[in-house]
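# Structure at a glance
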Amino acid sequence: MTDAPPLVRIEGISKSFGNTVALDNLTLDIARGEFVTFLGPSGCGKSTTLRILGGFERPDKGRVILDGEDVTTQPPEKRHVNMVFQDYALFPHMTVRQNISFGLELKGMDKANIKRRQDEIMAFLELDGFGDRYPGQLSGGQRQRVALARALAPDPALLLLDEPLGALDAKLRGQVQQELKSIQQRTHKTFFFVTHDQEEALTMSDRIVVMNKGRVEQDGTPEELYFHPATRFVAEFIGETNLLSGQMRARDGDRIVMDWFGHTLSGQAPAGPLQTGDAITASVRLEKLGFHTTRPNAANAVQGKVVGKTFLGSRMALDLVIEETEGAVLRAFVDAETGQAVGADPIWIGWDSDSMAVLQD
Ligand SMILES: Nc1ncnc2c1ncn2[C@@H]1O[C@H](COP(=O)(O)OP(=O)(O)O)[C@@H](O)[C@H]1O
Ligand SMILES: [Mg+2]
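Quick caveat, the model's predicted, so the values are computed rather than measured. (Residues numbered from 1 in each chain as written. Chains lettered and ligands numbered in written order. Predicted model: local features only at pLDDT ≥ 70, side-chain atom pairs only at ≥ 80, totals over all residues. Heavy atoms only, no water.)

## Some details on the packing of aromatic side chains
- What the rule picks out here adds up to 7 aromatic pairs.
- Judged by centre distance (4.7 Å) and plane angle (55°), the ring pair of phenylalanine 91 and phenylalanine 102 falls under tilted. In this pair, phenylalanine 91 is assigned in the loop between β6 (81-84) and α2 (96-106) and phenylalanine 102 in helix α2, connecting sequence segments 11 residues apart.
- Taking NZ or CZ as reference, arginine 150 lies 5.0 Å from the ring centre of phenylalanine 91, over its face.
- The ring of phenylalanine 333 carries the charged tip of arginine 315 above its face, separated from the ring centre by 3.8 Å. (Phe/Tyr/Trp six-rings, centres within 6.5 Å; stacked < 30°, edge-to-face > 60°. Helix = DSSP H or I, 4+ residues; strand = E, 2+ residues; numbered from the N terminus. Lys NZ or Arg CZ within 6 Å of the ring centre and 35° of its normal.)

## Remarks on the site of ligand 1
- Looking at ligand 1, the residues that line it are Phe17, Thr20, Ala22, Pro41, Ser42, Gly43, Cys44, Gly45, Lys46, Ser47 and Thr48.
- Measuring from an oxygen atom of ligand 1, one finds a backbone N or O atom of glycine 43 at 2.6 Å.
- Backbone polar atom of serine 47 to an oxygen atom of ligand 1: 2.9 Å apart, as the coordinates give it.
- With the chains in place, 59% of the 560 Å² that ligand 1 exposes on its own is no longer accessible.
- Of all elements in the fold, only β2 (20-30) and α1 (46-54) reach the threshold of two or more residues within the shell around ligand 1. (Near = heavy atom within 4 Å. Polar contact = N/O pair within 3.5 Å; in protein donor to acceptor, adjacent residues only side chain to side chain. Areas by Shrake-Rupley, 256 points an atom, 1.4 Å probe, with all protein chains shown as cover.)

## Examining the sheet that holds strand β1 (residues 8-17)
- Across the sheet, which stays open at both edges, the 4 strands sit in the order β2-β1-β4-β5 with antiparallel pairing between neighbours. In this open sheet, the two strands that pair with only one neighbour each are β2 and β5 (69-70).
- Bridge count for β1 against β2 is 7 bridges, and the pairing is antiparallel. Residue pairing for β2: phenylalanine 17 is matched across the bridge by threonine 20.
- In the packing of α1 onto the sheet, contacts are made with β1, β2 and β4 (61-66), and the angle to β1 comes to roughly 120°. (Pairing = 2+ DSSP bridges. Contact = heavy atoms within 4.5 Å. Axes fitted to C-alpha atoms, helices over the stretch in contact; angles between N-to-C directions.)

## Points about the environment of lysine 213
- Checked against the element boundaries, lysine 213 lands in the loop between β9 (207-212) and β10 (215-220).
- Distance in space between the C-alpha atoms of lysine 213 and aspartate 24 is 7.9 Å, their sequence separation being 189 residues.

## Looking at the UniProt feature "domain: ABC transporter" (unreviewed entry) in the protein chain
- Within this numbering scheme, the UniProt entry marks residues 8-238 as carrying the feature "domain: ABC transporter" (unreviewed entry).
- Helix makes up 36% of residues 8-238 and strand 26%, and the two end C-alpha atoms of the span are 26 Å apart. (UniProt positions renumbered as here; feature names shortened; annotations may be inferred.)

## Some words on the environment of alanine 299
- Inspection of the secondary structure puts alanine 299 in the loop between β15 (290-292) and β16 (300-311).
- The exposure class of alanine 299 is partly exposed, given its relative accessible area of 46%.
- Linking alanine 299 and threonine 20, residues 279 residues apart in sequence, is a C-alpha distance of 46 Å.
- In this structure, alanine 299 is in contact with Thr264, Trp351, Asp352 and Ser353, ignoring residues within four places of it in sequence. (Buried < 20%, exposed > 50% of the residue type's maximum accessible area, 1.4 Å probe, protein only.)

## Here we look at the nonpolar core
- By size, the foremost hydrophobic cluster in this structure holds 31 residues, and its most contacted members are Leu148, Leu159, Leu161 and Leu180.
- Broken down by element, the residue count for this core peaks at 6 residues, all from helix α4 (residues 140-152).
- Residues in contact with leucine 161, not counting those within four places in the same chain, are Leu50, Val84, Leu148, Leu180, Phe191, Phe192, Phe193 and Val194.
- Ranked by size, the runner-up nonpolar core spans 28 residues in total, among them Met248, Trp260, Leu265 and Ile347. (Core = buried A, V, L, I, M, F, W, Y, C linked by side-chain atoms within 4.5 Å.)

## Here's the deal with the pairing of β10
- Across 5 bridges, β9 lies against β10 in antiparallel orientation. Bridge assignment links valine 210 to a residue of β10, and that residue is glutamine 218.
- Linkage of β9 to β10, two consecutive antiparallel strands, is achieved through a turn of 2 residues, within which lysine 213 is found at a positive phi near 50°.

## Brief notes about α4
- With 13 residues, α4 should cover 18 Å at 1.5 Å per step; its first-to-last C-alpha distance of 18 Å lies within 8% of that length.
- Among the 13 residues that make up α4, 11 are buried, leaving the element largely enclosed by the rest of the structure.
- Turning to α4, its buried residues number three or more, namely Gly141, Gln142, Gln144, Arg145, Val146, Ala147, Leu148, Ala149, Arg150, Ala151 and Leu152.
- Its buried side turned inward, α4 meets β6, α2, α3 (111-124), β7 (158-162) and α5 (170-187). (Expected span 1.5 Å × (residues − 1).)

## Overview of the pattern of salt bridges
- Per the counting criterion, the structure on display carries 23 salt bridges.
- The closest approach of N and O atoms between glutamate 34 and arginine 207, which form a salt bridge, is 3.1 Å. Of this pair, glutamate 34 sits in the loop between β2 and β3 (35-39) while arginine 207 is found in strand β9, placing the two residues 173 residues apart along the sequence.
- We classify glutamate 34 as buried; its relative accessible area is 16%. (Salt bridge = Lys/Arg side-chain N within 4 Å of Asp/Glu carboxyl O.)

Here it is in structure tokens:
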């Protein structure tokens, strides 16, 4: 398993457009059958990466290895790769069947086999009965499925999906997310899915690669990225978090002891080196802060006063000014009952060192 060669190897790819560096020495492996999400803000190089993988763009430097073969200079039609675009790019003047057969005809498949494959893929994606409709006669979700059917029909080794759910409204989007995930699991295909939506990435992926300014910021499971962000960018981009700026005091195995306005706190150490006295930032998620009437038996404990409450339905967000700081505020999620019960008196806030990640930068 572990020594199986990856389906895709992106090797030190750089790409600039004029003075804009779209990709800066990107290296990435994708295993066979993996659902990998490429997550990052607009302009960080996601589409450029997909276009290079699909063969629509040449990198300035670096190589793309697909299934052991260097395909860097191969045209799109030679690669076992297909792409689904945000706007689906369906041919409006062609029926669903014609849209699906497009890639099969390009491959030189004969009529009987095209018909068989169309039927197969339409049944699989629950598009039976829609074969003679035009894209304009379909709902957003149906168009999405046709785009997928068209991309999957030629049986590509790798499917590239560039923000394919961007055009759907929130409710349908959630539904299609589940559908897409289930299609990936049933086909065992390798999906490289692009989104700028962190929630979508968290719900759908086996693995998330967070991109920032043409570089990989962090690569891991949704849980790793959420609970152990390596950098400030990841901590802030994924979910909501408290950032605590202080000084490095000591390293104790995989823990860092830090000083935060005179409070001694302990958190998970980052991978890179840190020196005593370095200015550091730690991240602790809102739901990791616990409330206590007396000093809790936790690695980290401070006292604070609630200065704001926001009712969010199933839970409540509390803003707390922490004592013996220069007015630092921590935000916490609690269940609505706990939130309502908290009064104006100072209370203890505790969290353990596993819940706090000291960031690399
Ligand atoms: N054909 C192009 N010509 C000029 N600049 C481009 C071109 N394609 C992409 N860029 C620039 O490269 C950067 C990365 O773009 P892109 O890969 O589309 O980002 P993303 O998909 O993450 O939003 C952006 O600054 C974008 O403006
Ligand atoms: Mg894009």
